[in-house]
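Each chain is listed here by its residues.
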Amino acid sequence: MLSYRHSFHAGNFADVLKHLVQVAILEYLKRKDKPFCYHDTHSGAGLYSLSGEHASKTGEYQSGIGLLFNQAVPTALEDGPVGRYLRLLHQLNPDGALEFYPGSPSIAAQLLRPQDALQLTELHPTDYGLLSQHLGKRKHSRIEKMDAWAGIKAMLPPLARRGLVLIDPPYELSHEYDDVVKGLQLALQRFATGCYAIWYPVIDRAHIERFVAQVAALPVTDLLRIEWCPKADSAGFGMTGSGMLVINPPYLLAEQCRAFLPWLQQQLGDAGPAQVTQLIAEA
């Protein structure tokens, strides 16, 4: 799938949710001194200009990070994922104007310690080139122009045997949902103890619920669902919300998400439904 470019959607409300969850997981993994690995299956370009042609054309960031960037963070959220995420964005935009937005690989590169590994796959030739230029010089990094599922087969399990695998395809083709389930089956066989964060768009409710049920049917013992929908469900015309399925989540993640989701809803000006649901609980 070589037509999708995340530069059109960078910084939208779905990115905000995805990246807050990503930050929460990475910060938890850093609590132990032992190194870990971050593996990103659909890495994109890594860094996006919000004044560039693509982001300007859609303006999606204006109803996402554009509404959060200059907001004061409540004291209760300063030391958690929200505070860390916004501080990272201000470090990237030191002049105080929101010009650049980091993709998930760039966020990971900023948060990882020198001993932690970065594994990135991207198939789009232009985005792969940009990604390599942006992050290719980092030590303990492997960046490949490779299909996501071939990358899982080639790179998992990581040497560190602990880490986060972020899976966020564009889902522009219907078979991509099945591809995720098949990819997860392979990944769990190779790296059962890893934390997996799977992003999904809410476009057709019945379709999404089938997908969630398929993931829940995999041989996993701990599965958390985090979802926020700024708009009411529709009959499949456009994304009304998004969510994350997290396999082997950190024990603090559910509590952290329940703490920041009300603030996120308030700041983005919509009281759309949000849920944090433990689908499968570890015995």
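Here, every reference points to the structure presented above.
Residues numbered from 1 in each chain as written. Predicted model: local features only at pLDDT ≥ 70, side-chain atom pairs only at ≥ 80, totals over all residues. Heavy atoms only, no water.

Let's shift gears to helix H4 (residues 81–92). Look at H4: 17 Å from first C-alpha to last across 12 residues, which is about the 16 Å you get at 1.5 Å a residue. Among all positions of H4, only Pro-81, Val-82, Gly-83, Arg-84, Tyr-85, Leu-86, Leu-88 and Leu-89 are buried. (Helix = DSSP H or I, 4+ residues; strand = E, 2+ residues; numbered from the N terminus. Expected span 1.5 Å × (residues − 1). Buried < 20%, exposed > 50% of the residue type's maximum accessible area, 1.4 Å probe, protein only.)

Now for the side chain of Arg-162. Along the chain, Arg-162 turns up in the loop between helix H7 (148–155) and strand S6 (163–167). For the buried Arg-162, which has no salt bridge, the nearest side chain bearing the opposite charge is Asp-116, at an N-O separation of 5.7 Å. (Lys, Arg positive; Asp, Glu negative; His and termini not counted. Salt bridge = Lys/Arg side-chain N within 4 Å of Asp/Glu carboxyl O.)

Tallied over the full model, the rule gives 11 salt bridges. Between Glu-227 and Arg-205 there is a salt bridge, and its shortest N-O distance comes to 2.9 Å. A residue pair is termed long-range when its members are at least 10 positions apart, and Glu-227 in strand S8 (residues 223–228) and Arg-205 in helix H9 (residues 205–216) qualify at 22 residues. For Glu-227, a relative accessible area of 3% corresponds to the buried category. For Arg-225, the salt bridge is made with Glu-227, and the minimal N-O distance between the two is 2.9 Å. The pair Arg-225 / Glu-227 is uniform in exposure class, with both members buried. Residues joined in a network through salt bridges with shared partners are Arg-205, Glu-209, Arg-225, Glu-227 and Asp-233.

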